[in-house]
Amino acid sequence: MKTKCVPDVWKNKKPDLSEKRKSFLKTGALLLAGSLFLGVANISGQAYALAPSAQAPQAYTPTPADVAMVSDLEQRTFQWFWDSADPATGLIPDRYPSDQKQDSVASVGFGLTAYGIGVKRHYITRQQAVERTLTTLRYMWKLPQNESADKASGYHGFFYHFLDNRTGLRLNPDIELSSIDTALLMQGVLFCRNFYTQDTAQEKEIRQLSDQLFNRVDWKWMERPDHRLSMGWSPEHGFLPNYWEGYSEGMMLYILALGAPEHGLQPVSWQAWLATNDKRWGEEYGQIFLNFAPLFGHQYSHAWIDFRGIQDNWISSKGIDYFENSRRAVYAQRNYAVSNPGKWQGYDVNTWGLTASDGPGDVTKTENGQTRHFLSYSARGVGRDYTQDDGTIAPTAAGGSVAFAPEIAIPALRTMKSKYGNHIYGKYGFADSFNPSFHDEKQDYWADNTYLGIDQGPILLMVENWRSGLVWDTMRQSAVIRRGLLQAGFHGGWLQQVAQQPSSVVRRKG
């Protein structure tokens, strides 16, 4: 099996951090490797060079059965956010159903966006969405922000990764003030700012609270001397030694920080973030692209920001855009499953998908003379940096990629539902993950029994982007997003059209 070691970026960290948070911060700092390419295709109305091994986008017309399946999945996934949120605070748990007591600020960011989708799809009324959104924003704004270890929910406008669901305060001393989880929350906040535009007292208050929450984030405080953003901070240890560099979900973090009207970063930070890209560009499983092993890193930023047809100078030099880059990553994962070097059970052209997800547990089993080591929550993925695979498939990998490559993502969802749906498809859509290679006396394969907000979110947002473009269209109107992209050097496409109109971009103070 093709496997590479994951760099030990945690040697300076406390050893008792949760495996989930280790996986996410690890993958945010990984290094990949690079190359060049030739060829031609058309993406989003622009001509791009394609690698000879890359597959050009295919025209895709879903069948009525596909439309019905995706519609059902979207509604069930929305319902997870609506039901799991605390009606009194708006806080949303990390996982649900669960007896755990941590709420996730990242889940809240996805949830704030989910309510707008609910309005669009008539799952809820606009008034219901307004009331739930106001409850959430009011609560988040009033939560204490200070440097104490146990009497704060955040500091300098950033929030702790997990909050106690009873108090809204930092869950425990092991939890860091998280730059990326705050960014996921702020994407939802900005969506609210630009979705609720009616001239009513409640929607005006939503816009006001959104501005206050976003403008309070002190991005410069999180900036290192080398202009990169730290992954986080804690009262006990100060800033984490890990930082955001290279293609990953950290892309949104820099765009938000560059677009901030207060406490914002300068373009030099974007260039610092890009510094390792040339080492990370190369071929993997028939696709030439800017690698990142788990698919969540290709989904999170794209769930809110429309990168189709716009380019910064680096990606322009490769003849593609970042949307095409992520589409290639999806194909590489599908190709990996077809190749199946680890000979995992169930992998095929329509059963694939590695990302950060639950797993059957940290256990070694021997079956038919073959010893297998399985994992619990882990950042599974395939790329030039590393391959981590224990046979666990996460439906969010395909579901969150519907907008990138519906021609392979939708058949994958249909197949997984058909083959394994009795165990993995229920009231809230797809459970987090399953593993056809893990057998025990209870059932033929392992299936998760819960749902994670950060995995439900990409499914919901990207399905809606594929169906209507709602989230992308809403975020195109964000002055913060437009300014952030322009500060990073993006040009062309819809951004060029906006730039030619009378500017409404919020100007940075000072």
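For the structure given in this document, a descriptive report is provided here.

What counts, and at which threshold
Residues numbered from 1 in each chain as written. Predicted model: local features only at pLDDT ≥ 70, side-chain atom pairs only at ≥ 80, totals over all residues. Heavy atoms only, no water. Pairing = 2+ DSSP bridges. Helix = DSSP H or I, 4+ residues; strand = E, 2+ residues; numbered from the N terminus. Expected span 1.5 Å × (residues − 1). Buried < 20%, exposed > 50% of the residue type's maximum accessible area, 1.4 Å probe, protein only. Polar contact = N/O pair within 3.5 Å; in protein donor to acceptor, adjacent residues only side chain to side chain. Contact = heavy atoms within 4.5 Å. Salt bridge = Lys/Arg side-chain N within 4 Å of Asp/Glu carboxyl O. Axes fitted to C-alpha atoms, helices over the stretch in contact; angles between N-to-C directions. Parallel < 35°, antiparallel > 145°, perpendicular 65-115°, else oblique. Left-handed = near helix turned anticlockwise from the far one by under 90°. Nonpolar A, V, L, I, M, F, W, Y, C, P; charged D, E, K, R; others polar.

## Side note on the sheet that holds strand S9 (residues 232-234)
By way of backbone hydrogen bonds, the strands of a sheet pair with one another, either parallel or antiparallel.
No. 1: The 5 strands are arranged S5-S6-S8-S9-S10 in an open sheet whose pairing can be described as antiparallel. Every other strand in the sheet has two partners, leaving strand S5 (154-155) and strand S10 (238-239) as the edge strands with one partner each.
No. 2: In this structure, S5 lies alongside strand S6 (residues 158-160), joined through 2 bridges in antiparallel fashion. By the bridge assignment for S6, Gly-154 is matched with Phe-159.

## Here's the deal with helix H12 (residues 322-339)
No. 1: Over its 18 residues, H12 extends 25 Å from the first C-alpha to the last, a length consistent with the 26 Å expected when each residue adds 1.5 Å.
No. 2: In terms of burial, H12 is a largely internal element, 16 of the 18 residues being buried.
No. 3: Two to three positions downstream of the cap, the backbone nitrogen of Phe-323 sits 3.2 Å from a side-chain oxygen, assigning the N-cap of H12 to Asp-321.
No. 4: Taken from the residues just after H12, Asn-340 is the one with a positive phi, measuring 50°.

## A word on the side chain of Ser-357
No. 1: Take Ser-357: it is sitting in strand S13 (residues 356-357).
No. 2: Overall, Ser-357 belongs to the buried group, its relative accessible area being 1%.
No. 3: Setting aside its immediate chain neighbours within four residues, Ser-357 contacts Ser-376, Tyr-377, Ser-378, Arg-380, Thr-392, Ala-394, Asp-432, Ser-433 and Asp-455.

## Structural notes on the pattern of salt bridges
Side-chain pairing between opposite charges can occur once the charged atoms of the two side chains come close.
No. 1: Scanning the entire structure with this criterion turns up 25 salt bridges.
No. 2: Note that Asp-94 and Arg-95 form a salt bridge whose closest N and O atoms lie 3.9 Å from each other. No difference in accessibility class separates Asp-94 from Arg-95, as the two residues are buried.
No. 3: Note that Arg-193 is salt-bridged to Asp-211, the shortest N-O span being 2.9 Å. Here Asp-211 lies in helix H6 (residues 201-216) and Arg-193 lies in helix H5 (residues 179-195), a separation of 18 residues in the sequence.
No. 4: Judged by its relative accessible area of 31%, Asp-211 falls in the partly exposed class.
No. 5: One network of salt bridges, with partners in common, ties together Glu-74, Arg-121, Glu-464 and Arg-467.

## Structural notes on the packing of helix H7 (residues 250-259) against helix H8 (residues 267-274)
No. 1: Between H7 and H8, whose axes approach to 9 Å, the crossing angle comes to 165°. In terms of axis orientation, H7 runs roughly antiparallel to H8. Of the two possible hands of crossing, H7 and H8 adopt the one that is left-handed. On H8, the residues touching Gly-250, Met-251, Tyr-254, Ile-255 and Leu-258 of H7 are Pro-267, Ser-269, Trp-270 and Trp-273.
No. 2: The residue makeup of the contact of H7 with H8, split by class, is 7 nonpolar, 2 polar and no charged.

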